[in-house]
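Coordinate inspection notes
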Amino acid sequence: NIHWNPPAHDGGAGISYYVIEKRESSRVSWTGVESHVEGVSYKVNKLVPGKEYIFRVAAVNKFGVGEFLESEAFVAQNPFTVPAAPSTPTASCVTGDSVVLSWERPETDGGSEIDGYILEKRDKEGIRWTKCNKRRLNDLRFRCTGLSESHYYQFRVMAENAAGVGPPSEPSEYVKVCEAVYPPGPPVNLKVTDYSPNTVSLTWSKPIYDGGAAISAFIVEMKEASEEEWIQCAGIEDTNYTVKRLRENVEYNFRVSATNAASVSKHAGLPGTVVTAEKLEAPEIELDGALRKIVSVRSCSTLRLFVTVTGRPQPEIKWSKEDDVLSERAQIEVTDSYTVLMIENVKRDDTGKYVLTAENCSGSKSAFINVRVLDSPSAPTNLQIKEVKRDCVSISWEPPLVDGGAKILHYIVEKREEARKTFTSVCNNCGRNSYKIDGLQEGCFYYFRVSAVNEFGAGLPAETAEVVKMCEVPLPPGKITLSDVTCSSGRLSWEKPDNDGGSRITSYIVEIKAKEDDNWTMYSESKAVTVTLNGLARGREYFVRVSAVNEKGKSEPKCLMTPVVFEDSSAEPVFNLLSNAFSVRSGNDLKIDVPFRAVPPPTVVWKKDGKLLKETCRVNAHTSDTSTQIIIKDATRIDVGVYEVCLANSAGSASAEIHVNVFERPEPPTDLSVDEVSADFVCLSWQPPQYTGGCQISNYIVEKRDTSSTAWQTVSSTVARTSIKVGRLTQGSEYQFRIAAENRYGKSHFVESESVTAQYPFRPPDQPNNVRVVNASKSFIVIAWSMPHSDGGSPIIGYHVE
């Protein structure tokens, strides 16, 4: 099972799927495992056990395949081993044809859970081990039957897990198969379970060895520590017994023996003595599973908390309620072994944490139980009138402090005219914490209330504290702003009132007053929330205020905080650009924001590469009083260039150039050529891509392929130059080469070469001409010849003379 994380960069497009390949570590070629995996994990099957493998994964988007991520090498084998050997089997319950074998688990299971055991036997007169069980054993004990009487047998056991069968245990001692003639072993684990001034309770376990016959009874004996003689108390079949009628504050010894059909076992003595006295135990409180969780009870039903309490002497029981007083309706019952708290007709106030305390002379113990009474919710909180209009009101509220132990399902909204005594429903299933109440009568007075509803019903209502009048004069206008101030004019604007008084605003009154005057003069009255102030004296200070008017009257005026002075404040455009270069990954959006300062606001013109920028559904320009911006969605290579923004107003003009670059993976290299061919190497060269993807080419990837195969092999993935010598070729084989360019944003498509055969570009030379003897003696001969007609395309480097 292999798993990986998605790439840190998805190439600007979503990951479509993944490609998985594998190879044996002893091989160099990769083979496909799966070519279309949509998840980030995969289970690889059909591996050869014991082989070492390496895996690699690559992500694929709409632009192509990314780089591969390789795994470490590992061997295909189980991560666990066979278990160790169990303990040596021990024999018991021997009969004329059977014996019971038991053993202990292995010290280690090999990392895989043990599936079972295999038990084998061997006759003393034979040499072969044979299986005792036909089916795999799951227990640590097995009765082996079908044995020959009076024969001696040896036994051994093996454990098995998912990896196979482990080594056998040490063989047991030889066991003679015959009817029981031996006494049983002594009982084991004899101990005291309880005591009092007159009794002692004992318990024990059956003997490990029963002598070959079933245990028929157990004999219990006692004696005072100061006496020598043992007294038999009982002969019983059970493995526990309570000795009664003992003397108080006396030390006693106890022992138990077992009997079978053959004889009586040795005694099993109780270590030390037992003093008959009152047993002291600290209190213990046992809460069942239901009480450990939150106890939910319906309103008006009965709450009953039953808790088991133990301790000697009997502890004193106390019930209380944390951070509150226990209800007077609570009824408490206490016995030797339990206590009960019961409250009938529970109410919402009974919700809380109930604390139980048990205390005696040996200590104290406390426990708590959380109780939740399921009831209708309390009233909603913070009910407010948010907006009042002529015939409607908007109200809002917050959820109740107490939800009644269940989720708030919805709210009930009601209204009441002041002249009436009853509320009428407006909405019975409001799912939000606000509501707009329509259809109200203009000029009337209303009260409103809201109730929360859960699965147990509607809770108490929250009611508006004051009556709501449906029509009144509006509140003053909101914030007043003065802008575009020149030597003779300015633009005054304001926000609408928070409340229109229950009737729509019919107009706004603008009043002005010179600083030295005492009286206000009305300047204008209109429905618009803006007005241009003209005709005022230059350099003189004026105060301005605005009032809202509806059909019931005029609001209180809202004043502009600072006096108005009309002076020439025009300014030519100035850019506040931090940078004039912007870059974006191909496929992403680019936002170019150009802040500026200019009074009055300028006209804006955008250009690209000297031409007016054409706005499309993908390229849009937006301008405000303080900035202009263009937004390019899904940027591509065509968006690369020089952008120019031009600003102009009455005070002057300015322009700024902005360079935009789009990053993406490059185009393939160009002009791939084979420059030289030999028997074992080929020299290749190429030209860089025409488009590098907006950034520098980091390297080239060169691959080769024997034309007799479809698999490409990497020659080098880190070529920095535009040429390479590809060696280690096989003479006479035909090859094809391909090259891709890579930058920081990805790898281009490959450009492929023509097929090339690895061989020398020349042939053997012709034979020399005119071979002749030019001199001779007793000890030597001088011969001469002429050069061959053709050297085969390569200079002659020597001659052979025979």
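Residues numbered from 1 in each chain as written. Predicted model: local features only at pLDDT ≥ 70, side-chain atom pairs only at ≥ 80, totals over all residues. Heavy atoms only, no water.

1. Topic: the sheet that holds strand β53 (residues 611-612)
Quick reminder of the rule: Between any two strands, at least two bridges found by DSSP are needed for them to pair. Helix numbering and strand numbering both begin at the N terminus, where a helix is a DSSP run of H or I of at least 4 residues and a strand a DSSP run of E of at least 2.
Judged by pairing direction, the sheet is mixed, and its five strands sit side by side in the order β50-β57-β56-β52-β53 without closing on themselves. The open sheet has two edge strands with one neighbour each: β50 (581-585) and β53.

2. Details of the pattern of salt bridges
The condition that has to hold: Each reported salt bridge corresponds to a side-chain nitrogen of Lys or Arg within 4 Å of a carboxyl oxygen of Asp or Glu. Partly exposed residues are those whose accessible area sits between 20% and 50% of the maximum for their type, while under 20% is buried and over 50% is exposed, using a 1.4 Å probe and protein chains only.
In the structure shown here, the tally under the stated rule is 22 salt bridges. One salt bridge in this structure joins R637 and E664, with 3.4 Å as the shortest N-O distance. Of the two residues, R637 is situated in the loop between β55 (627-632) and β56 (641-649) and E664 in the loop between β57 (652-663) and β58 (670-677); the sequence distance between them amounts to 27 residues. Residue class for R637 comes out partly exposed when judged on its relative accessible area of 37%. A single salt-bridge network, built from bridges that share partners, covers E24, R27 and K51.

3. Section: the UniProt feature "domain: Fibronectin type-III" (unreviewed entry) in the protein chain
As a reminder of what qualifies: UniProt positions are given in the numbering used here, feature names are shortened, and annotations may be inferred rather than shown by experiment.
Here the UniProt feature "domain: Fibronectin type-III" (unreviewed entry) sits at residues 1-79, 85-180, 186-282, 379-473, 476-565, 668-761 and 767-802. Split by type, residues 1-79 is 0% helix and 48% strand. Its first and last C-alpha atoms lie 13 Å apart. Taken end to end, residues 668-761 comprises 0% helix and 52% strand; its first and last C-alpha atoms sit 30 Å apart.

4. Overview of the nonpolar core
Put simply, the rule reads: By nonpolar core is meant a set of buried Ala, Val, Leu, Ile, Met, Phe, Trp, Tyr and Cys residues that side-chain atoms within 4.5 Å join together.
Core analysis: the largest hydrophobic core is formed by 22 residues, its most contacted members being I285, L303, L305, V307, W319, I369 and V371. Breaking this core down by element, the ones donating at least two residues are β25 (295-298), β26 (303-312), β27 (316-321), β29 (338-343), β30 (352-360) and β31 (363-374). In this structure, F575, L590, L613 and V645 belong to the second largest nonpolar core, which totals 21 residues.

5. Considering the UniProt feature "domain: Ig-like" (unreviewed entry) in the protein chain
The positions that UniProt labels "domain: Ig-like" (unreviewed entry) are, in the present scheme, residues 271-372 and 573-661. End-to-end, the C-alpha atoms of residues 271-372 are 52 Å apart, and along that stretch the chain is 4% helix and 57% strand. The distance from the first to the last C-alpha atom of residues 573-661 is 26 Å, and the span holds 0% helix and 63% strand.

6. Considerations on unusual backbone geometry
Omega for the peptide link from R312 to P313 comes to -10°, which places this bond in the cis form. Inspection of the secondary structure puts P313 in the loop between β26 and β27. With a phi close to 75°, C300 is a non-glycine residue in the positive phi region. In this fold, C300 is placed in the loop between β25 and β26. What makes C300 exposed here is its relative accessible area of 58%. Of note, the phi angle at D671 is positive, near 55°, even though the residue is not glycine. Residue placement: D671 occurs in strand β58.

7. Quick notes on the environment of V99
Heads up, the rule is: In this analysis, two residues are considered to be in contact whenever any of their non-hydrogen atoms come within 4.5 Å of each other.
Here V99 is to be found in strand β9 (residues 99-102). Judged by its relative accessible area of 0%, V99 is buried. Sequence-distant contacts of V99, defined by excluding residues within four places in its chain, comprise A91, S92, C93, V94, F142, R143, C144, L147, F155 and V175.

8. A closer look at empty space enclosed by the protein
As a reminder of what qualifies: Only protein atoms enter the 1 Å grid, on which a cavity is a set of points fitting a 1.4 Å probe that cannot get out and a pocket is an open set with protein on both sides within 12 Å along at least 5 of 7 lines, lining residues being those with an atom within 4 Å of a point. Grid points are joined across faces, edges and corners, and a volume is the space filled by probe spheres set on the points. For this classification, the nonpolar set comprises Ala, Val, Leu, Ile, Met, Phe, Trp, Tyr, Cys and Pro, the charged set comprises Asp, Glu, Lys and Arg, and every other residue, Gly included, is treated as polar.
In total, this model carries one cavity of 30 Å³ or more according to the counting rule given. Of the volumes computed, that of the largest cavity is approximately 30 Å³. Along its surface, the largest cavity is lined by V309, Q314, P315, I317, T335, D336, Y338 and T339. Taken together, the residues of the lining of the largest cavity break down into four nonpolar, three polar and one charged.

9. Quick notes on the layout of surface pockets
For the largest pocket, the calculated volume is near 1100 Å³. Considering the residues around the largest pocket, the lining is formed by 35 residues, among which R56, F68, E703, W712 and T714 are closest to the centre. Every element with two or more residues in the lining of the largest pocket is listed here: β2 (17-24), β3 (31-37), β6 (64-70), β60 (699-706), β61 (713-719) and β63 (734-743). A class-by-class count of the residues in the lining of the largest pocket yields eleven nonpolar, twelve polar and twelve charged. Of the volumes computed, that of the second largest pocket is approximately 770 Å³. Take the lining of the second largest pocket: its biggest share by element is six residues, from β6. Looking at the lining of the second largest pocket residue by residue, the class counts come to 14 nonpolar, nine polar and eight charged.

10. Regarding the sheet that holds β58
Within a beta sheet, neighbouring strands are joined by backbone hydrogen bonds and run either parallel or antiparallel to one another. Going by this rule: Angles here are taken between N-to-C directions and fall from 0 to 180 degrees, while the axes themselves are lines fitted to C-alpha atoms, restricted in helices to the stretch in contact.
Taken in spatial order, the three strands make up an open sheet running β58-β59-β62, and their pairing is antiparallel. Looking at the sheet topology across the chains shown, the edges are occupied by β58 and β62 (723-726). Taken over all neighbouring pairs, the strand axes of this sheet differ in orientation by 20° on average, direction set aside. Bridging between strand β59 (residues 682-687) and β62 involves four bridges; their strand directions are antiparallel. Within β62, the position partnered with S685 by the bridge is S723.

11. Quick notes on a nonpolar patch on the surface
So the rule is basically this: Each patch is built from residues lacking any salt bridge and having more than 30% relative accessible area; the joining distance is 9 Å for like charges and 5 Å for nonpolar side chains (Val, Leu, Ile, Met, Phe, Trp, Tyr). Shrake-Rupley sampling with a 1.4 Å probe provides the accessible areas, and residues are treated as covered by the protein chains on show and by no other component.
A cluster of nonpolar side chains, namely V771, V773, I781, I783, W785, M787, Y799 and V801, defines an oily patch on the protein surface of about 800 Å² accessible area. Elements with a contribution of two residues or more to the nonpolar patch: β67 (769-776) and β68 (781-786). The dominant element in the nonpolar patch, judged by the number of residues it contributes, is β68, at three residues. By the secondary structure assignment, M787 is in the segment after β68.

12. Quick word on the pairing of β55
With five of six residues buried, β55 lies mostly within the body of the structure. Pairing analysis gives five bridges linking strand β54 (residues 619-623) to β55, with the strands arranged antiparallel. Bridging across to β55, N620 finds its partner in I631. In this antiparallel pair of consecutive strands, β54 and β55, the connection spans three residues.

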